[in-house]
Amino acid sequence: MHSWGETIVTRLSFWFLSLLALWVLLLALVPPMGAAPLARPAAPPILWAQVNADGFGDAYNIAARSMAVFGGGLYVGTYNEYTGAEVWRSADGITWTQANAEGFGDAYNIAADSMAVFGGDLYVGTGNVFSGAEVWRSADGTTWTQ
């Protein structure tokens, strides 16, 4: 059994060692006055630049739902509940021209949800809220057939 004095010495020793450990930790983490703090180099920033006008100039194009590379151009399909999905084409990723009639002629084709190149043609799958999904094909990226 420990005496009252031994218990106090043990507790004081514990607190002293704890404070000493904290002091050593702080010295390791906080640089001296005037010293440069240690730091890892920052990762290079990831820079993004918008390459189209908002909505391709139509505020109702609220989403770019699909993309494909075809015939040397980048194609983007939009979601548009008012005039129908639009397909936009760019040869340089900066200048865009519309490559279809809105909704492929049906305003209920509200989304160009998917695009794929197959057999030398570009295919666009649409979401049509009344008649159901449609698939459109183009050999040149401008003339479309269902």
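So, here is what we can say about the structure in this document.

Reading the values: rules and limits
- Within every chain, residues take consecutive numbers counted from 1 along the sequence as written.
- Per-residue local features are limited, in this predicted model, to residues with pLDDT of at least 70; the limit for side-chain atom pairs, both in listing and counting, is 80 or more; totals at the level of whole chains, interfaces and linings are taken over all residues.
- Only hydrogens and water are removed before side-chain values are computed, so all heavy atoms of the structure are retained for them.
- Runs of H or I in DSSP of at least four residues are treated as helices and runs of E of at least two as strands, each being numbered from the N terminus.
- Contacts are residue-level and defined by heavy atoms, with any inter-residue pair within 4.5 Å sufficient.
- Throughout this description, a polar contact denotes any pair of N or O atoms lying within 3.5 Å of each other; where both atoms belong to protein, one of them has to be capable of donating a hydrogen while the other can accept it, and for residues adjacent in sequence the pair is counted only when both atoms sit in side chains.
- We call a residue buried when its accessible area falls under 20% of the maximum for its residue type, exposed when it is over 50%, and partly exposed in between, using a 1.4 Å probe and counting protein chains only.
- Here, nonpolar core refers to any group of buried Ala, Val, Leu, Ile, Met, Phe, Trp, Tyr and Cys residues whose side-chain atoms link them within 4.5 Å.

1. Focus on the environment of glutamate 86
Link 1 in the chain: Relative to the assigned elements, glutamate 86 resides in the loop between strand S2 (73-79) and strand S3 (87-90).
Link 2 in the chain: Sequence separation between glutamate 86 and asparagine 109 is 23 residues; the distance between their C-alpha atoms is 9.3 Å.
Link 3 in the chain: Apart from the residues lying within four places of it in its own chain, the contact partners of glutamate 86 are Asp58, Asn61, Val76, Gly77, Thr78, Asn80, Gln98, Asn100, Glu102 and Ala112.
Link 4 in the chain: Reaching out from glutamate 86, the side chain makes a polar contact with the side chain of asparagine 61 at a distance of 2.7 Å.
Link 5 in the chain: Among the polar contacts listed, one links the side chain of glutamate 86 to the side chain of tryptophan 88, at a separation of 2.9 Å.

2. Regarding the environment of alanine 111
Link 1 in the chain: By the element assignment, alanine 111 lies in strand S5 (residues 109-118).
Link 2 in the chain: Along the sequence, alanine 111 and glycine 77 sit 34 residues apart, while their C-alpha atoms lie 7.4 Å from each other.
Link 3 in the chain: Those residues in contact with alanine 111, other than ones at most four positions away along the chain, are Arg65, Thr78, Tyr79, Ala85, Gly125, Thr126 and Gly127.

3. Describing the environment of aspartate 58
Link 1 in the chain: Within the element layout of this structure, aspartate 58 appears in the loop between helix H1 (4-29) and strand S1 (63-70).
Link 2 in the chain: Using a relative accessible area of 17% as the deciding quantity, one classes aspartate 58 as buried.
Link 3 in the chain: Taking the C-alpha atoms as reference points, aspartate 58 and threonine 83, separated by 25 residues in sequence, lie 9.7 Å from one another.
Link 4 in the chain: In contact with aspartate 58, not counting residues within four places along its chain, are Asn80, Thr83 and Glu86.
Link 5 in the chain: Among the polar contacts listed, one links the side chain of aspartate 58 to the backbone nitrogen of tyrosine 60, at a separation of 2.9 Å.

4. Section: the nonpolar core
Link 1 in the chain: In this structure, Tyr75, Val87, Phe104, Met115, Leu122, Val124 and Trp144 are the most contacted members of the largest nonpolar core, which totals 13 residues.
Link 2 in the chain: Contributing elements (two or more residues each) for this core: S1, S5 and strand S6 (121-128).
Link 3 in the chain: Excluding anything up to four places from it in sequence, valine 124 contacts Val87, Phe104, Ala112, Ser114, Met115, Glu134, Val135, Trp136 and Trp144.

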